[in-house]
Structures are given as C-alpha cells and as structure tokens.
Amino acid sequence: MNQEYNFAYLDEQTKRMIRRAILKGLAIPGYQVPFASREMPMPYGWGTGGVQVSASVLTPEDTMKVIDQGADDTTNAVSIRKFFEKTAGVATSEETAKADVIQTRHRIPEEDLREDQILVYQVPIPEPLRFLEPRETETRKMHALEEYGLMHVKLYEDISKNGAISTSYAYPVKVEGRYVMDPSPIPKFDNPKLEMAAIQLFGAGREQRIYALPPYTKVVSLDFEDYPFEASKADHACDLCGSETSYLDEVIMDDAGGRMFVCSDTDFCHSRRAAGHVGAQGVPFEEDAA
Amino acid sequence: MTPLFQVKNLTKFYGNRIGCKNVSFDLYPGEVMGIVGESGSGKSTLLNCLAGHLAPDAGEVLFDTRADGMRDTVTMSEPERRMLGRTDWAFVHQHARDGLRMGVSAGGNVGERLMAVGARHYGDIRHKAIDWLGRVEINAERIDDRPSAFSGGMQQRLQIARNLVTGPRLVFMDEPTGGLDVSVQARLLDLLRGLVREMGLSAIIVTHDLAVVRLLADRLMVMKDGHVVETGLTDQVLDDPQHGYTQLLVSSVLQV
C-alpha cells in the first residue's frame, strides 16, 4: 500500500460527505441525492461516481471485486481494481461470493448476492427523464410531484415504432411505488434481480448524484397492461459452460458468420466450467488450463 | 347558475411596471370570452396568471373544481394546480412548438395527457389518439409521424387534440390562429367553434384579431396598458364601441 495516499484515495472529510449522501439515498430509495463529486484520477465516464462511492464504503478488511459488463478482465475493471489495490491495499477477488464490495459497470452478477455484500453501480446519466425533458428544474419538479406520465410516452413511442418495448437497457423502474429510477445501463434481463438482499448504491460522478436501493426494496419495471415487461436475453445457451439461464454476450469469431454466445459474467462461467459443465463449443476445464 | 371560473381583482406587476391591474370577471359554463388589446396591453400576462403559469401579486382566481367546488387556484398547492392543468384545464399556445413535444410522434403527443392521468393500456391510448386525430381532421395514417413533419396548421390542430383529449372544461388559448394564413385560419376557427359547441367547453381566448373573437367569443374584454377598459357582449362591443381605445381598435381593422 502506498502511504502517500489516505486510505482509498479520498480524504476523510470527503468520504464523510459521500456517506451522508449514501445514507440519505438509502432513507429515500430511488431519490437522487446531489453530492459534491470530486475530481478523480481517471476520466469521467470511467466510473468516477462508482469509485467515489466504493472508496467511501470500503474498510481495510474488505475484499473487493470489480466487473465491467460482467467481466473481471476488461480494461475498466482491471484499472479500477488496481486503483484500489494501490490506494486502499484491500484484498481483491474475482469470485462473487468472496467479495464484500462489488463495483459494477452495467451488469448484476448472476450469483445471488447476500445481505453482507454491497453492490456499487457506475452511472453515466442518473436522470431517467433526461432525454424526454432536458430541463433539470423541470425533472426535479416532476420527481417531487410524482408526474411520471412522460416515462410512459417513451415506452409508447417504442411500441408505435417497433411493435414492442424495444428499450433493452437502462430500463426505467419504479421504486417502492414512489420514485422512478434509472437502474444504470444494465440489460433489462437484470431488472428483476434489483430486488435483492445486498445493498445497492448508484454513483454518478459527472452528474454529481448518488442514489440507493436498500435490501429487499420493491422495484417494478414500468410497462403497459397489454405490453407487459419482459426480461429478455439471447435465445441461446452459453457455448463455453452450457448455461441456459445466464445473460449472454455475442462474440463474432470470423468474417464468415461464425459467432459464439458466452456468459457475460466471467466468474459465473468460470465456476460452472470448473464444476464440469461444458458448452457446445467449449473444451473441458482441465484441458483448457493445461 | 354558478360561474365556472371567477377572477377577482387580479394584479401582476413587473417591478414598477404594470402587467395587468384589478381585472375581475366571471365565466359561466359553456361561455367563450375573448380578450383583445394591442401588443403589450397585458393580455398574455393576464392569461398566464389565470392558467397558473405566472404567480399574480394580488387577487383571486377561483375555479369550480369537480371535487370541492369553488377553490382559489392561486393559493392551492402546486400538485393540485398542475393536476388541474392536465385534467380540467387546457392551454393552447400561440406557437404549436411550445405546446407540443417535437421529438415525439403525433400519437404520443395526444396520449401524453392520458398517460399523465394514469392510462396504462397501449391499445386504448392508441385508439383514443386515432379518434382525436380524426376529430381535428388529421389523417390517422400520420399518427406515427413527428409534428416536425406537419404543416403549421396541422401542428396547431394537433396541439388542440392533445389538449382536449382528457375532456377539459376550461380552455385557455393564446392567439390560436397567430402565424397561420387566412384559409388555414378559417378552417381552424371552424373546427374550434365546432369543438367548443359540441363539448360545451368554456374558453378564454386572447387575440388581437377581431375577426377571431367575432366568430368565437360570446363576450369581449378590451385591455389597454394593463387595465380592462371595456367589457360586454361581443357584437355590442364591436358594433357600438364606447371607450376611445375600443373605437380606435375597431376602426383600425383593414377592409378588403
């Protein structure tokens, strides 16, 4: 651990300020709490909000896991994991079950989370009404007065254009029958998992907002009576581990139409293969390791 | 018969300047009132105060609500006022662009008020939107087109459909025919007159076009420098103007 930094990079007063925002967010589920976001040593859009929230909830004994689109080994995940290894000296793991704090970009892990875990989301645009109503003063008023008709106008437009609700990520939800919330750009496949045992914290660094879902909060995806919400995924099984229930990434293999579908959650896929599951294009785990 | 809408001593200042001062009137169900006057006479200020878009400095704006009878809309809470604004009230802007969502299809524009009051059935919303497009003479095939692909007259008719879809009882109109050419104006006026009579709407129409009030309004209020200078039945005021300014206004109309 590099002693030139305070634990987890941020100074204690900043962490205190962020914790207050987090507590307020937990007290009012789905409400966007403004906070004084700091400059972080990475560009906006790389998860500055999530990093600040993670830094504020980490303790030296914690084990941390960072995922980017479900994967532990992509640039964003690796650099943020290294950031906390260097500035906080915490243990890191790729295993969902071993982690106390999981910072995620655009996915919820396949494995069910527990009550003693915290899931931190990186949020690009926290305001679900933003692309319908550009004025911040107006969207705040709409949240305050619970005027959410406009959100359905977006879904209406989807159906009238495409014959179905085509919004497939950042699918708006209503929290505890009150606030409409953007669950960050997770695929709508993950929406039903938002009602979980772990604490969920959402940090938007550039937009300077924090919001939260306490454990077991009621989260309902918006829809129409005649066009109900559907958690969709590619109609395929994972080609590596054979899972038929996990969310899949489509990987183009060559320029002759070759493709494979693989679990977007790399840890989930890895542990299934270790347990002996083999998909259509996969090889047994032991041979792969050798 | 009790009035639907009552205004008492409404006053609005912009700093030291008068927006409108001591305006009082009653509006009865099914009645259409015109407000005329030159630019800067306080017509739009008055209308915005009445519709709750501006906070007046003094006076009362009473509306006969369905639930609790006469209520002062100036002192009622903001959620209640905004609720009125999308149920029993409607506001037709001079520029259709101010009243429409230009990035949303015609059907979405008409459906917005329905969804805002809790409609959650796509088929029903769409059916109603098609019905209303027909009533304002827009072809049902255009339902998925954006208003930006519509002509000025169509945009204005779409704005009217969007406002009337929830069956309001009081409509505020700010120069509804402004910026349209005369043949389109005539068609729009015809349509408005039909809808107002058919739905038994009350309406307050602000305009500087005397032909519009002659056609639509039962009563007329003439404003000058923020004050009401003359009121009366439309034909009476236009044919036998008493106040000097009204005489000037009536005699200024160009004859073809």
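Residues numbered from 1 in each chain as written. Chains lettered and ligands numbered in written order. Predicted model: local features only at pLDDT ≥ 70, side-chain atom pairs only at ≥ 80, totals over all residues. Heavy atoms only, no water.

### A closer look at the interface of chain A and chain B
Move 1: With 21 residues of chain A at the contact, the number on the chain B side is 22 residues.
Move 2: Note on chain A versus chain B: buried area summed over both sides is about 1900 Å², and carbon and sulfur give 57% of it.
Move 3: Our count for the contact surface shared by chain A and chain B stands at 5 salt bridges.
Move 4: Its salt-bridge partner being Glu147(A), residue Arg86(B) comes within 2.8 Å of it at the nearest N-O pair.
Move 5: Breaking the side of chain A that touches chain B down by element, the ones donating at least two residues are α4 (136-144) and α5 (149-162) of chain A. (Contact = heavy atoms within 4.5 Å. Buried area = accessible area lost by both parts, 1.4 Å probe. Salt bridge = Lys/Arg side-chain N within 4 Å of Asp/Glu carboxyl O. Helix = DSSP H or I, 4+ residues; strand = E, 2+ residues; numbered from the N terminus.)

### Let's talk about the domain arrangement of chain A
Residues and elements named next belong to chain A.
Move 1: Domain annotation for chain A reports domain 1 (12-129 + 170-221) and domain 2 (233-281).
Move 2: Distance from the C-alpha centre of domain 1 to the C-alpha centre of domain 2: 26 Å.
Move 3: Facing 15 residues of domain 1, the contacting portion of domain 2 comprises 10 residues.
Move 4: Summed over the three residues of domain 1 that lose the most area to domain 2, namely Arg 107, Glu 110 and Phe 189, the buried surface amounts to 49% of that side. (Domains from an automatic or database assignment.)

### Regarding the sheet that holds strand β7 (residues 179-181) of chain A
Within a sheet, adjacent strands bond to each other through the backbone by hydrogen bonds, running parallel or antiparallel.
Residues and elements named next belong to chain A.
Move 1: Across the sheet, which stays open at both edges, the 3 strands sit in the order β7-β6-β10 with antiparallel pairing between neighbours. The two strands at the open ends of the sheet, each matched to only one other strand, are β7 and β10 (219-221). Within the sheet, the average angular offset between the axes of one strand and its neighbour, ignoring direction, is 30 degrees.
Move 2: In this structure, strand β6 (residues 173-175) lies alongside β10, joined through 3 bridges in antiparallel fashion. Across the sheet, Val 175 pairs through a bridge with Val 219, a residue of β10. (Pairing = 2+ DSSP bridges. Axes fitted to C-alpha atoms, helices over the stretch in contact; angles between N-to-C directions.)

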